[in-house]
Amino acid sequence: MNQAALVLIKPDGLKKSLTGNILTRLSETKLEIVAAKMVRVSKELAEEHYKHLKDKPFFKDLISYIRGELHERRKVMAMVYWGEDASTKCRELAGATNPEEAEPTSIRGSYGRITTAGVYENVIHVSSNPEEAQREIKLWFHPEEIIVDLYPAKEIVAREYKRKVWA
Ligand code: IDP
Ligand code: MG
């Protein structure tokens with residue numbers, strides 16, 4: 001069954017110039033990229049994304065990490081992969097959460113590290129299952145930014161709505 005998965009190239013992945021390598025590795029899945037953008041991650045977005053970990057001792061460092069505060073790179077690359085078993089396939093290539101335990105040839109095994117402060121810098125995020133993917137994709141993307149109709153959406157007429165247009 002076709003599924004979606006949120007993939008983030010985390011700030012350490014960007015700082016280490018791994019974008020090309022990671023995209024090449026993920027292309028082995030034959031999945032389709034249906035959305036992509038660079039995001040400056042707000043504290044609110046980071047905390048909502050990782051809310052299942054909010055009681056962990058590493059939570060504060062994790063929020064700094066995903067916001068790029070540890071890498072002078074205040075951005076992540078966010079993508080939606082779509083196709084058969086998307087989250088399983090992408091997570092297999094990503095490898096285990098702990099980069100020291102990840103398969104050496106996996107993305108995290110190849111490029112991740114644990115800092116002396118104990119942060120798992122594991123270069124990418126991949127949704128763990130289709131339910132998590134739905135929750136996460138709705139946080140990171142608006143419906144119009146995704147080129148397929150993944151989840152039910154509605155049209156609204158927004159008035160008095162401030163946004164930037166080209167000058
Ligand atoms: P996942 O990224 O493989 O889905 P989660 O348990 O959802 O793993 O954790 C989210 C992120 O939090 C991890 O990718 C990693 O950066 C960080 N993390 C998870 N567990 C630990 C830990 O025990 N120590 C330090 N950082 C951790
Ligand atoms: Mg997770």
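These remarks concern the structure in this document. A quick note: this is a predicted structure, and the numbers were derived from the prediction, not measured.

### Overview of the pattern of salt bridges
Here's step 1: In this structure the tally under the stated criterion is nine salt bridges.
Here's step 2: Ionic pairing is found between E28 and R25, a salt bridge with its closest N-O pair at 3.3 Å.
Here's step 3: Its salt-bridge partner being E47, residue K43 comes within 3.1 Å of it at the nearest N-O pair. With K43 and E47 both in helix α3 (residues 43-49), this residue pair falls four residues apart, about one helical turn.
Here's step 4: Note on E47: relative accessible area 30%, which makes it partly exposed.

### Side note on the sheet that holds strand β6 (residues 124-126)
Here's step 1: The four strands are arranged β2-β3-β1-β6 in an open sheet whose pairing can be described as antiparallel. The two strands at the open ends of the sheet, each matched to only one other strand, are β2 (32-39) and β6. In this sheet, neighbouring strand axes are inclined to one another by 15 degrees on average, regardless of whether the strands run parallel or antiparallel.
Here's step 2: In this sheet, β6 lies alongside strand β1 (residues 2-9) in antiparallel orientation, the contact comprising three bridges. Bridge pairing links L8 to H125 in β6.
Here's step 3: Sheet strands touched by helix α2 (residues 19-27): β1, β3 (76-84) and β6. Its angle to β3, the strand with the most contacts, is close to 10 degrees.

### Examining the pairing of β3
Here's step 1: By the criterion of burial, β3 is predominantly enclosed, with seven of the nine residues buried.
Here's step 2: One ladder, built from seven bridges, connects β2 with β3; its direction is antiparallel. Bridge pairing in β3 places V39 opposite V76.

### Comments concerning the site of ligand 1
Here's step 1: Inspection of the region around ligand 1 gives 13 residues, with K10, R91, T97, R108 and N122 positioned closest.
Here's step 2: The separation between an oxygen atom of ligand 1 and a polar side-chain atom of K10 is 3.0 Å.
Here's step 3: In the complex, the protein chains occlude 81% of the 530 Å² of accessible area that ligand 1 would expose alone.
Here's step 4: Residues of the shell around ligand 1, tallied by class, amount to six nonpolar, four polar and three charged.

### Observations concerning helix α7 (residues 130-140)
Here's step 1: The complete set of buried residues in α7 reads A133, E136, I137 and W140. Along the axis of α7, the buried residues cluster in a sector spanning 100 degrees; they form a single face.
Here's step 2: Where the residues of α7 are buried, they touch β1, β2, α3, β3 and β6.
Here's step 3: The N-terminus of α7 is capped by N129, whose side-chain oxygen sits 3.1 Å from the backbone nitrogen of E131.

Definitions and limits used
Residues numbered from 1 in each chain as written. Chains lettered and ligands numbered in written order. Predicted model: local features only at pLDDT ≥ 70, side-chain atom pairs only at ≥ 80, totals over all residues. Heavy atoms only, no water. Salt bridge = Lys/Arg side-chain N within 4 Å of Asp/Glu carboxyl O. Helix = DSSP H or I, 4+ residues; strand = E, 2+ residues; numbered from the N terminus. Buried < 20%, exposed > 50% of the residue type's maximum accessible area, 1.4 Å probe, protein only. Pairing = 2+ DSSP bridges. Axes fitted to C-alpha atoms, helices over the stretch in contact; angles between N-to-C directions. Contact = heavy atoms within 4.5 Å. Near = heavy atom within 4 Å. Polar contact = N/O pair within 3.5 Å; in protein donor to acceptor, adjacent residues only side chain to side chain. Areas by Shrake-Rupley, 256 points an atom, 1.4 Å probe, with all protein chains shown as cover. Nonpolar A, V, L, I, M, F, W, Y, C, P; charged D, E, K, R; others polar. Arc of directions from axis to C-beta.

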